[in-house]
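# Remarks on the overall topology
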Amino acid sequence: MKSGFVVPTDLDPIERHPKAVGPGERMRMHNHMCYGCGEDSPNGLHLEIYAGEGFTIRASMEVEPHFEGGPGVLHGGILTTAFDDVMGMAPLLVGPSAVTVHLEVDFLRPIPVGSTLELSATLLGRQRRKLYTEGVAHIGDPDQPVAVAHAIFVSINAREHFAEHLDKSQISDEYKQRLSRP
Ligand SMILES: CCCCCCCCCC(=O)SCCNC(=O)CCNC(=O)[C@H](O)C(C)(C)COP(=O)(O)OP(=O)(O)OC[C@H]1O[C@@H](n2cnc3c(N)ncnc32)[C@H](O)[C@@H]1OP(=O)(O)O
């Protein structure tokens, strides 16, 4: 496996945020129109994402026929989207809203349509605003991953980061209200 992803050795200490959801609980939806996890996204993946122990996250995804890429198998871009969303929840265990700046996926085995894909993510560490994460996907045997991903998220001030494009959201009024709260 080749990867340009390197976790720095001089990481900042991390601890679970006191307000983070507990192990086994569903992660709070950051945007109910999100293509990955939003329950109201018309064509989205509708991922239900749960906090695990420590700095881990998990989710399951049914590989629907309309997720097909190659004949009978999951499209690689859909898998990448799922990783982005599941791994993107890991920073919320320690506090900050964060967005993806780098995401790489190693596709190890084809993933058949009709299977249940188990996704997990681990926050490996933090260096200043950068949050390093690893994701693993398997079907059936957890010791036989079908894909592995590595990503860096960078913490943001959500109010400032999304301000310019808020009007384009399908739920801009709701978001404007949410982000205006002190
Ligand atoms: C809100 C809650 C979300 C919860 C889950 C969401 C799941 C879905 C997640 C997504 O899909 S987010 C959508 C895709 N991502 C974006 O649209 C982000 C676009 N990028 C940006 O807007 C800017 O790059 C960003 C605001 C994130 C950072 O710009 P800044 O000017 O604030 O920071 P800067 O460029 O100085 O980078 C901060 C650190 O990150 C590092 N960095 C930036 N880009 C990098 C990169 N591509 N690879 C590696 N490191 C990177 C950078 O070197 C630096 O490291 P150091 O602390 O060591 O100086």
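As the structure is a computational prediction, the values presented were derived from the model and not from experiment.

With that settled, the discussion passes to the pattern of salt bridges. One side chain can pair with another of opposite charge once the charged atoms of both are near each other. In this structure the tally under the stated criterion is 1 salt bridge. D167 is the salt-bridge partner of K176, the closest N and O atoms lying 2.5 Å from each other. Classification of K176 as partly exposed rests on a relative accessible area of 37%.

Turning next to the nonpolar core. Ranked by internal contacts, the top residues of the largest apolar core, which has 38 residues, are M61, L117 and L119. For this core, the elements supplying multiple residues, two or more each, are β1 (48–51), β2 (56–62), α1 (76–88), β3 (98–107), β4 (116–127), β5 (130–138) and β6 (147–155). Apart from the residues within four sequence positions on either side, L117 is in contact with A59, S60, M61, V63, L74, L79, I111, A137, H138, I139 and V146.

Take the side chain of H150 next. Residue placement: H150 occurs in strand β6. Reaching out from H150, the side chain makes a polar contact with the side chain of E134 at a distance of 2.9 Å. When sequence neighbours within four positions are dropped, the list of residues in contact with H150 reads F5, M87, H102, L103, E104, T133 and E134.

Here 6 strands make up an open sheet; going across it, the order is β1-β2-β4-β5-β6-β3 and the pairing antiparallel. The strands lining the two open edges of the sheet, one partner per strand, are β1 and β3. Taken over all neighbouring pairs, the strand axes of this sheet differ in orientation by 20 degrees on average, direction set aside. Two strands pair when backbone bridges link them, and β3 and β6 are joined in this way by 9 bridges, in the antiparallel orientation. Bridging from a neighbouring strand, E104 pairs with H150 of β6. Lying on the sheet, α1 is in contact with β1, β2, β3, β4, β5 and β6; it crosses β6 at an angle near 50 degrees.

Before going further, it helps to examine the UniProt feature "domain: Thioesterase" (unreviewed entry) in the chain. Mapped onto this numbering, the UniProt entry gives "domain: Thioesterase" (unreviewed entry) at residues 72–143. In the segment residues 72–143, helix accounts for 18% and strand for 43%; the C-alpha atoms at its two ends are 23 Å apart.

Scoring rules and cut-offs
Residues numbered from 1 in each chain as written. Predicted model: local features only at pLDDT ≥ 70, side-chain atom pairs only at ≥ 80, totals over all residues. Heavy atoms only, no water. Salt bridge = Lys/Arg side-chain N within 4 Å of Asp/Glu carboxyl O. Buried < 20%, exposed > 50% of the residue type's maximum accessible area, 1.4 Å probe, protein only. Core = buried A, V, L, I, M, F, W, Y, C linked by side-chain atoms within 4.5 Å. Helix = DSSP H or I, 4+ residues; strand = E, 2+ residues; numbered from the N terminus. Contact = heavy atoms within 4.5 Å. Polar contact = N/O pair within 3.5 Å; in protein donor to acceptor, adjacent residues only side chain to side chain. Pairing = 2+ DSSP bridges. Axes fitted to C-alpha atoms, helices over the stretch in contact; angles between N-to-C directions. UniProt positions renumbered as here; feature names shortened; annotations may be inferred.

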